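Results of the structural survey
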Number of protein chains: 2
Amino acid sequence: MTMAAAPFPALADLKAAQARIAPHVRRTPILASETLDARFGARLFFKCENFQRIGAFKARGAFNAILALAGDAARCGVVTHSSGNHALAVALAAATRQIPATIVMPKTAPEPKRLGVARLGARIVEVEPTLAAREAAAAAIVAASGATLVHPFADPAVIAGQGTVALELLADSPLPLDAILCPVGGGGLLAGTCIAAAALAPPVRVIGAEPAAADDAARGFRCGILQPQVLPVATICDGLTTAMSPLGFAIMRAHAHDVVTASEAAIVEAMRLVFEELKCVIEPSCAVPLAALIEGAWDARGATVGIILTGGNVDLDRLPWRR
Amino acid sequence: MTMAAAPFPALADLKAAQARIAPHVRRTPILASETLDARFGARLFFKCENFQRIGAFKARGAFNAILALAGDAARCGVVTHSSGNHALAVALAAATRQIPATIVMPKTAPEPKRLGVARLGARIVEVEPTLAAREAAAAAIVAASGATLVHPFADPAVIAGQGTVALELLADSPLPLDAILCPVGGGGLLAGTCIAAAALAPPVRVIGAEPAAADDAARGFRCGILQPQVLPVATICDGLTTAMSPLGFAIMRAHAHDVVTASEAAIVEAMRLVFEELKCVIEPSCAVPLAALIEGAWDARGATVGIILTGGNVDLDRLPWRR
């Protein structure tokens, strides 16, 4: 993979993605809460991608990448490696286009995710739970089958698809936004959000938020050099444990306003707050921006802020506040 | 109270209510799930009043009744008796109109509800947890202060307000509905829904759903005579334990298509299904219609069905599937 060489997706790519995926994804609602607004002294608008198909925004990038494939390439199928929402997203998009999909999953992937992928008709290849094993297995399948790799966050078409979340948020927000906060894992959503927000005049500030226990983006943002994740990663945010791609990192450096971090305790508190006040089921990864506000990592007072709730695929038997 | 003598609210009353309360309540979104549709062989559209202000549809009826009061009456304040969402709703609407509110609450009311009412500035009068004690205390306050009683479900203005849920559901549903399912407690929501749906040609079928353990509406619907609740009521649906009002009962008898019941086990299963598939936090009371579908109490196959998710005020430390 030499994704660093890829050009940044442009606003036109995001708009093309939006038109391409519109029949297959949901235009998710935006929720707000007077209680949360009062607590943070801000106007907060939550873009609810937990209500998206397969329960997460990942449906957007996968549909865009897979629907954009030329017919010849599509017939050979697609492959990806993911233990989580991107696996479900690729399986759904491939099933919709009626092409074969192979998902390389770590043996440790949660059972509901594996079942969901299998139910969508994708082939599952199990590997050891390391990035190296996942990438090697995916590369071998690409070499053997001619399938196209749909990378979870480094692919420009995936980034363009994820950017449609911000296009909708900016268009549908009841008030003009001063800033958008979103979680950072591999950086696909952050990169897409940056491209959407930077195209406006004046640009809306984009702030990435990540667990302090998986802070490669924050470290890289400050020093200007792509950082590895420090292993092992001890966070409940299973969607945010990967390091950024070179492309996502470059887009972040060019356009993001800041990257802030939150503690595990604040992430649990924020997650519960979203359940209580917004009545939304979310996974821990999407609680990070609100957790950063709780800890004052970014001062929202007086601002109108969009926050992306990225997904709702959480184990209801293991909610983190369970006694 | 001689509510039996009150005329039925008309569609015009619901539309007047809608205009009156529009600045103060949310037009809640409608969610759907391909997974649920496939499971039930139907198109299901969920009207998400769990996202309503104070976390439940009750905000609508309370705002309508309190905003409709003449100035002289309003100055003397309002009183109600409720342990739950209606208490919060009356407190919020009174605070918005800047008039005094007294809420008669049973000593057993959940602490979060009492705190919420107090935070909204209402006066709380605690009584023994019986309907007789609650009604006597409310009547005494009315007599002493000249305050207006805003009954939780027998008041025509409250019924008209609750009917705005169905007005929105019918207007916003992506497909024309064959039926609307809603829970039945005191019957205010069911009555309002009946009036909205019966005004259409052909009328949309309205089906009430209640816990088998609190089945006064179902018994009354079949025999034609208002039934008392059989005490003690052993259901997790704390919002559905009251018996119906004579007015709600008469409207149900005139317009509802059926009243079905669901077991406690199915209610828990349905509640979890809504958390998992719709990513919505709901209280047990609103899981009853889906629970009735699970048990086949009403056959939805082939139909397009609106289901009202009435509220999301649930104790997250005591979710009923907790091991």
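About the thresholds
Residues numbered from 1 in each chain as written. Chains lettered and ligands numbered in written order. Predicted model: local features only at pLDDT ≥ 70, side-chain atom pairs only at ≥ 80, totals over all residues. Heavy atoms only, no water. Helix = DSSP H or I, 4+ residues; strand = E, 2+ residues; numbered from the N terminus. Buried < 20%, exposed > 50% of the residue type's maximum accessible area, 1.4 Å probe, protein only. Contact = heavy atoms within 4.5 Å. Least-squares fit on C-alpha atoms with pLDDT ≥ 70 in both. Pairing = 2+ DSSP bridges. Right-handed = clockwise from strand over helix to strand, strands pointing away. Buried area = accessible area lost by both parts, 1.4 Å probe. Salt bridge = Lys/Arg side-chain N within 4 Å of Asp/Glu carboxyl O. Polar contact = N/O pair within 3.5 Å; in protein donor to acceptor, adjacent residues only side chain to side chain. Domains from an automatic or database assignment. Nonpolar A, V, L, I, M, F, W, Y, C, P; charged D, E, K, R; others polar. Axes fitted to C-alpha atoms, helices over the stretch in contact; angles between N-to-C directions. Parallel < 35°, antiparallel > 145°, perpendicular 65-115°, else oblique. Phe/Tyr/Trp six-rings, centres within 6.5 Å; stacked < 30°, edge-to-face > 60°.

A closer look at the overall build of chain A
- Across its full length, chain A carries 13 helices and 10 strands.
- For the C-alpha atoms alone, the extent of chain A along its principal axes is close to 55 × 50 × 40 Å.
- Among the 323 residues that make up chain A, the fraction classed as buried is 58%.
- Sequence separation of 24 or more characterises 73% of the internal contacts of chain A that already satisfy a separation of 6 or more.

Here's the deal with the side chain of Thr 164 of chain A
- You can see Thr 164 of chain A is positioned in helix H8 (residues 156-172).
- Thr 164 of chain A gets classed as buried once you look at its relative accessible area, which sits at 0%.

A closer look at the relation of the copies chain A and chain B
- With an RMSD of 0.0 Å, the fit of chain A onto chain B corresponds to turning through 180 degrees and sliding 0.0 Å along the axis. Overall, the copies show the geometry of a two-fold rotation axis. In terms of proximity to the rotation axis, the leading residue of chain A is Cys 280 of chain A, whose C-alpha is 2.5 Å off the axis.
- Interface overlap between copies: 100% of the residues of chain A at the interface are likewise at the interface in chain B, consistent with a symmetric, same-surface contact.

A word on the pairing of strand S8 (residues 205-211) of chain B
Residues and elements named next belong to chain B.
- With respect to burial, S8 is a largely interior element, 6 of its 7 residues being buried.
- Alignment of strand S7 (residues 179-183) against S8, held across 5 bridges, turns out to be parallel. Looking across to S8, one finds that Leu 181 is bridged to Ile 207.
- Running through helix H9 (residues 188-198), the crossover from S7 to the neighbouring parallel element S8 is right-handed.
- Bridge analysis of S8 against strand S9 (residues 258-262) gives 5 bridges, and the strand direction is parallel. Residue pairing for S9: Pro 211 is matched across the bridge by Ala 262.

Considering the interface of chain A and chain B
- Counting from both sides, the interface comprises 25 residues of chain A and, opposite them, 25 residues of chain B.
- Of the roughly 2100 Å² buried between chain A and chain B on both sides combined, carbon and sulfur atoms contribute 51%.
- At the surface where chain A touches chain B, the tally comes to 6 salt bridges.
- A salt bridge links Arg 272 of chain A to Asp 317 of chain B; the shortest N-O distance between them is 2.9 Å.
- Where chain A touches chain B, the interface holds 16 residue pairs in polar contact (both at pLDDT 80 or more).

Considerations on the domain arrangement of chain A
Residues and elements named next belong to chain A.
- Domain assignment breaks chain A into domain 1 (11-56 + 157-318) and domain 2 (59-155).
- On a C-alpha basis, the centres of domain 1 and domain 2 stand 23 Å from each other.
- Each side of the interface is counted separately: domain 1 has 32 residues, and domain 2 has 20 residues.
- Around 2100 Å² of area is buried between domain 1 and domain 2 when both sides are counted, 61% of it from carbon and sulfur atoms.
- The interface formed by domain 1 and domain 2 includes 2 salt bridges.
- With a closest N to O distance of 2.6 Å, Arg 60 and Glu 49 form a salt bridge.
- Inspection of the domain 1/domain 2 interface yields 13 residue pairs in polar contact (both at pLDDT 80 or more).
- Among the elements of the structure, helix H1 (11-21) and H8 are those that each provide at least two residues to the side of domain 1 that touches domain 2.
- It is H8 that provides the largest number of residues to the side of domain 1 that touches domain 2, a total of 9 residues.
- Grouping the constituent residues of the side of domain 1 that touches domain 2 by class yields 13 nonpolar, 12 polar and 7 charged.

Some points on the packing of H1 of chain A against helix H3 (residues 58-67) of chain A
Residue and element names in this part refer to chain A.
- In the contact formed by H1 and H3, the axes pass within 9 Å of each other and the chain directions differ by 90 degrees. Considered as vectors, H1 and H3 are oriented roughly perpendicular to each other. Every residue of H3 that contacts H1 at Ala 17, Arg 20 and Ile 21 is listed here: Arg 60, Phe 63, Asn 64 and Leu 67.
- When the residues that make up the contact of H1 with H3 are grouped by side-chain class, the tally is 4 nonpolar, 1 polar and 2 charged.

Let's talk about the pairing of strand S2 (residues 43-48) of chain B
Residues and elements named next belong to chain B.
- Counting buried positions over the 6 residues of S2 gives 5, a clear majority of the element.
- Note: strand S1 (residues 30-31) against S2, 2 bridges, orientation antiparallel. Residue pairing for S2: Leu 31 is matched across the bridge by Phe 46.
- By the bridge criterion, 6 bridges tie S2 to strand S10 (residues 304-309) in an arrangement that is parallel. Among the inter-strand pairings, Cys 48 is bridged to a residue of S10, identified as Leu 309.

Overview of the packing of aromatic side chains
- The tally for this structure, following the rule as stated, stands at 3 aromatic pairs over all chains.
- Ring geometry for Phe 51 of chain A and Phe 51 of chain B: centres 5.7 Å apart, planes at 40 degrees, overall tilted. On the criterion of chain membership, the pair formed by Phe 51 of chain A in the loop between strand S2 (43-48) and H3 and Phe 51 of chain B in the loop between S2 and helix H3 (58-67) is interchain, its members lying in two chains.
- With relative accessibility at 4%, the residue Phe 51 of chain A sits in the buried group.
- Between the aromatic rings of Phe 275 of chain B and Trp 321 of chain B, the centroid separation amounts to 4.9 Å while the plane-to-plane angle is 80 degrees, which identifies the pairing as edge-to-face. Of the two residues, Phe 275 of chain B sits in helix H12 (residues 264-278) while Trp 321 of chain B sits in the segment after S10, which places them 46 residues apart along the sequence.

Details of the sheet that holds strand S6 (residues 148-149) of chain A
All names here are of chain A.
- Overall, parallel pairing links the 4 strands, which are arranged S5-S4-S3-S6 in an open sheet. Both outer strands of the open sheet, strand S5 (123-127) and S6, are each paired with one neighbouring strand and no more.
- Here strand S3 (residues 78-81) pairs with S6 via 2 bridges, running parallel. Paired with Val 78 across the two strands is Thr 148, which belongs to S6.
- Across the face of the sheet, helix H5 (residues 85-97) comes into contact with S3 and strand S4 (101-106) while running at roughly 170 degrees to S4.
- Contacts between helix H7 (residues 131-145) and the sheet are confined to S3, S4, S5 and S6, with S3 contributing the most and set at about 170 degrees to the helix.

Some words on the environment of Ala 166 of chain B
Residue and element names in this part refer to chain B.
- Inspection of the secondary structure puts Ala 166 in helix H8 (residues 156-172).
- Take Ala 166: its relative accessible area is 0%, and that puts it in the buried class.
- Sequence separation between Ala 166 and Cys 194 is 28 residues; the distance between their C-alpha atoms is 8.6 Å.
- Dropping the residues within four chain positions of it, Ala 166 is found in contact with Ile 180, Thr 193 and Ala 196.

Quick notes on the environment of Leu 120 of chain B
All names here are of chain B.
- As for its position among the elements, Leu 120 is in the loop between helix H6 (111-119) and strand S5 (123-127).
- C-alpha separation for the pair Leu 120 and Ala 171, spaced 51 residues apart in sequence, amounts to 32 Å.
- Apart from residues lying up to four places away in sequence, Leu 120 is in contact with Leu 88, Ala 91, Leu 92 and Ala 95.

Describing unusual backbone geometry
- The omega torsion across Leu 231 of chain A and Pro 232 of chain A is -10 degrees, close enough to zero to call that bond cis.
- The residue Pro 232 of chain A is located in the loop between helix H10 (216-223) and helix H11 (246-255) in this model.
- Within the chain, Ile 54 of chain A stands out as a residue other than glycine whose phi angle is a positive 55 degrees.
- Here Ile 54 of chain A lies in the loop between S2 and H3.
- In the Ramachandran plot, Lys 279 of chain B falls in the positive-phi region, its phi being about 60 degrees despite a non-glycine side chain.
- Within the secondary structure layout, Lys 279 of chain B lies in the loop between H12 and helix H13 (288-294).

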